[in-house]
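Letter by letter, the chains look like this.
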Amino acid sequence: METPRKRRPGGEGEEGIISDPKRQRLSSENEVEERVGVDSASNNGSLLVLADYPDDDDEEEDEERGKARVNGRTEEGQEEEEEEEEEEVRRPVPGKRQRQVEVRRDCPYLDTVNRQVLDFDFEKACSISLSNLNVYACLVCGKYYQGRGLNSHAYTHSLEAGHHVYINLQTEKVYCLPDGYEINDPSLDDIRHVLNPRFAREQVQHLDENRQWSRALDGSNYLPGMVGLNNIKETDFVNVTIQSLMRVTPLRNFFLIPENYQHSKSPLVHRFGELTRKIWHARNFKGQVSPHEFLQAVMKASNKRFQIGVQSDPVEFMSWLLNTLHAELKSKKTKRSIIHDCFQGELEVVKEIHKKVLTEKKENSDEHNNAVVAEGGAANDDVVRETSKVKFLMLGLDLPPPPLFKDAMEKNIIPQVRLFVMLDCLASAK
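These numbers come from a predicted model, not from an experiment. Each chain carries its own residue numbering, running from 1 in the written order of its sequence. Predicted model: local features are reported for residues with pLDDT of at least 70 only, side-chain atom pairs are reported and counted for 80 or more only, and whole-chain, interface and lining totals are derived from all residues. The basis for every side-chain value is the complete set of non-hydrogen atoms in the structure, without hydrogens or water.

What follows covers the environment of Pro178. Strands are runs of DSSP state E lasting at least two residues, helices are runs of H or I lasting at least four, and both sets are numbered from the N terminus onward. Along the chain, Pro178 falls in the loop between strand S5 (174-176) and strand S6 (181-183). Between the alpha carbons of Pro178 and Val165 there is a distance of 9.3 Å; along the sequence they are 13 residues apart. In what follows, a contact means two residues having at least one pair of non-hydrogen atoms within 4.5 Å. When neighbours within four sequence positions are excluded, Pro178 is seen to be in contact with Tyr155, Ser158, Leu159 and His164.

Moving on, we get to the pairing of strand S2 (residues 135-138). Burial here depends on accessible area, computed with a 1.4 Å probe over protein chains only, as a share of the maximum for the residue type. Under 20% is buried, over 50% is exposed, and the range in between is partly exposed. Here S2 shows a buried face lined by Val135 and Ala137 and a second buried face lined by Tyr136 and Cys138. Note on pairing: DSSP must find at least two bridges between two strands before they are called paired. Summarising the sheet, S2 and strand S3 (residues 144-146) pair through three bridges and their orientation is antiparallel. By the bridge assignment for S3, Tyr136 is matched with Tyr145. Here S2 folds back onto S3 in antiparallel fashion, the turn holding five residues, of which Gly142 has a positive phi close to 85°. As paired strands, S2 and strand S4 (residues 165-168) are joined by three bridges and run antiparallel to one another. Following the sheet pairing, Tyr136 is matched in S4 by Asn168.

Turning our eyes to something else, we now look at unusual backbone geometry. Here the bond from Leu177 into Pro178 is cis, since omega is 5°, no more than 30 degrees from zero. In this model, Asn134 sits at a positive phi of 55°, which is unusual for a non-glycine residue. Here Asn134 lies in the loop between strand S1 (103-104) and S2. You will see that Glu234, though not glycine, has its phi angle at about 55°, which is positive. Along the chain, Glu234 turns up in the loop between strand S9 (228-229) and helix H7 (236-245).

Let us look at the confidence of the model for the protein. For the protein, the average pLDDT comes to 75, and 66% of its residues sit at 70 or higher. Below pLDDT 50 for its whole length, residues 66-79 participates in five contacts with residues either more than four positions away or in separate chains. You can read pLDDT as the predictor saying how much it trusts each residue, on a scale of 0 to 100. This model gives residues 371-379 a pLDDT under 50, and the stretch forms eleven contacts once residues within four places in sequence are excluded.

Turning to a nonpolar patch on the surface, a few remarks are in order. On the surface, Leu395, Leu419, Phe420 and Leu423 cluster together into a nonpolar patch covering about 390 Å² of accessible area. With respect to the secondary-structure elements, Phe420 resides in helix H15 (residues 419-428). For Phe420, a relative accessible area of 64% puts it in the exposed group. Patch construction takes residues with relative accessible area above 30% that form no salt bridge. Like charges are linked within 9 Å, and nonpolar side chains (Val, Leu, Ile, Met, Phe, Trp, Tyr) are linked within 5 Å. Methods summary: accessible areas were calculated by the Shrake-Rupley approach with a probe of 1.4 Å, and residue burial reflects only the protein chains presented. Salt bridges are identified by distance alone: a Lys or Arg side-chain nitrogen within 4 Å of an Asp or Glu carboxyl oxygen.

This part is about the nonpolar core. Among buried residues, the Ala, Val, Leu, Ile, Met, Phe, Trp, Tyr and Cys ones that are joined through side-chain atoms within 4.5 Å form a nonpolar core. Membership of the largest hydrophobic core comes to 38 residues, with the highest contact counts inside it found for Ile242, Phe255, Phe272, Phe294, Phe317 and Leu321. For this core, the secondary structure elements donating two or more residues are H7, helix H8 (249-255), helix H9 (267-279), helix H10 (292-301), helix H11 (314-329) and helix H12 (338-343). With six residues, H11 is the single largest residue contributor to this core. In this structure Phe272 touches Ile242, Leu245, Met246, Phe255, Phe294, Leu321 and Leu325, once residues within four positions along its chain are discounted. Listed in part, the 20 residues of the second largest apolar core include Val165, Cys176, Leu188 and Phe285.

Attention shifts here to the packing of H7 against H11. All axes here are fitted lines through C-alpha atoms, helices being fitted over the stretch that makes contact, and every angle between N-to-C directions spans 0 to 180 degrees. Two numbers describe how H7 lies on H11: the axes approach to 9 Å, and their chain directions differ by 55°. One way to sum up the angle between H7 and H11 is to call them oblique. Every pair of crossing elements has a handedness; the one defined by H7 and H11 is right-handed. On H11, the residues that touch Phe237, Val238, Val240, Thr241, Ser244 and Leu245 of H7 are Pro314, Phe317, Met318, Leu321 and Leu322. When residues are sorted by character, Ala, Val, Leu, Ile, Met, Phe, Trp, Tyr, Cys and Pro go into the nonpolar class, Asp, Glu, Lys and Arg into the charged class, and all the rest, Gly among them, into the polar class. Of the residues contributing to the contact of H7 with H11, the split by class is nine nonpolar, two polar and no charged. For classification purposes, angles smaller than 35 degrees are called roughly parallel, those larger than 145 roughly antiparallel, those between 65 and 115 roughly perpendicular, and all remaining angles oblique. A clockwise turn of the near helix away from the far one marks a right-handed crossing, whereas an anticlockwise turn of less than a right angle marks a left-handed crossing.

Read from one edge to the other, the open sheet built from six strands follows the order S1-S6-S5-S4-S2-S3, with strand pairing classed as mixed. Each edge of the open sheet is held by one strand with a lone partner, namely S1 and S3. Relative to S6, S1 runs parallel, the two being bridged by two bridges. The partner of Arg104 across the bridge, within S6, is Ile183. Strands S2, S3 and S4 of the sheet are contacted by helix H4 (residues 153-161), whose axis makes an angle of about 120° with S3.

Moving on to the side chain of Arg277. Topologically, Arg277 is positioned in helix H9. Under this rule, positive means Lys or Arg and negative means Asp or Glu; His and the chain ends count for nothing. In this structure, Arg277 is buried with no salt-bridge partner, the nearest side chain bearing the opposite charge being Glu274 at 4.7 Å. Polar side-chain contacts of Arg277 include one of 3.2 Å to the backbone oxygen of Pro197. Here Arg277 is in contact with Asn196, Pro197, Phe199, Phe255, Leu256, Pro258 and Tyr261, once residues within four sequence places are set aside. Each polar contact in these results corresponds to two N or O atoms within 3.5 Å; when the atoms are within protein, one needs to be able to donate a hydrogen and the other to accept it, and residues that are neighboring in sequence are counted only if both atoms are side-chain atoms.

Laid out in structure tokens, this is it:
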């Protein structure tokens, strides 16, 4: 007799018939393994996540393939849709993919900041790429590096040298690399003031009343406004000009406040303002200032007429500097600037013309004399005086001759003469 065949509930045809005991044993073993896998995954959540990644991908691929077969889609269409989905995932979503920089105050690397090596007087360019865009200064070694991203020079330096604190030379923000968070600590304000000195208008008005000496990090004392300028290489003609201009109070007060010349696009004007603020800053780390950035601007603005390593005449340099600053700062309406307000003078020139010379002219000599007198001249019996005014920025005066005999120091020193005495000599000259 034939034994009746057993069927699975809900099964149809030959697929639901269990005729082989070995198949039944294999299916039961697979069910046991699946149960054991689920139980072990439930005991350890991390294993569940790691184990499900490839399975989920396979299941999603199977489902997508099944859907593609049902809807009659081709494999090319499916690949195009997958590429579009990948592009949508890679596309930055506003507010979601943009990572905001974390601001912290408790940075463990603040004790590595070395103020002794910080020098912000030189050109702000990367020491590797020589670029002046997005430059950061390492507060541990004082070197300049570009950027703070994963492939930037500052990021690489932080990993190789173990230097972690950097300041942006433009925004004055301090960051910790390679962690990438911003450091907001009041102990770094002195570095920001040295990088970009600031003066309030009330402070500028009372600047001459300050008689207090300042102390540098090396222990040396200096008086703000009376600091020395480094002689880079035969640049003493620039240093003496800057030192003399720093004593002109209206000019100094004008350049101590950047808002007075923020409309100017000339690098020379802004570098001169920065140098003025550094000379009069009372919280410098050093007792001297290096005019390196100002010299770079001078070389560019003068087309290398004045450059480092080439000696030049101080009078010629001052004349060029005043005229260039006036051209960059003058108002379009009044054609005046702080340079003319401080240095432009007026010289009254009086010409004396003898009457004999006038009589030798044509018949209209009498009308000419009347016109001269009407313009401010005075007519005497034998002499007619003509007065005119000439504006100037620089006026040359003759110094007295040196003494014939040497002094006790065996040097021919020109005696000191007051300026008004020299002007009297000019007035009495004929």
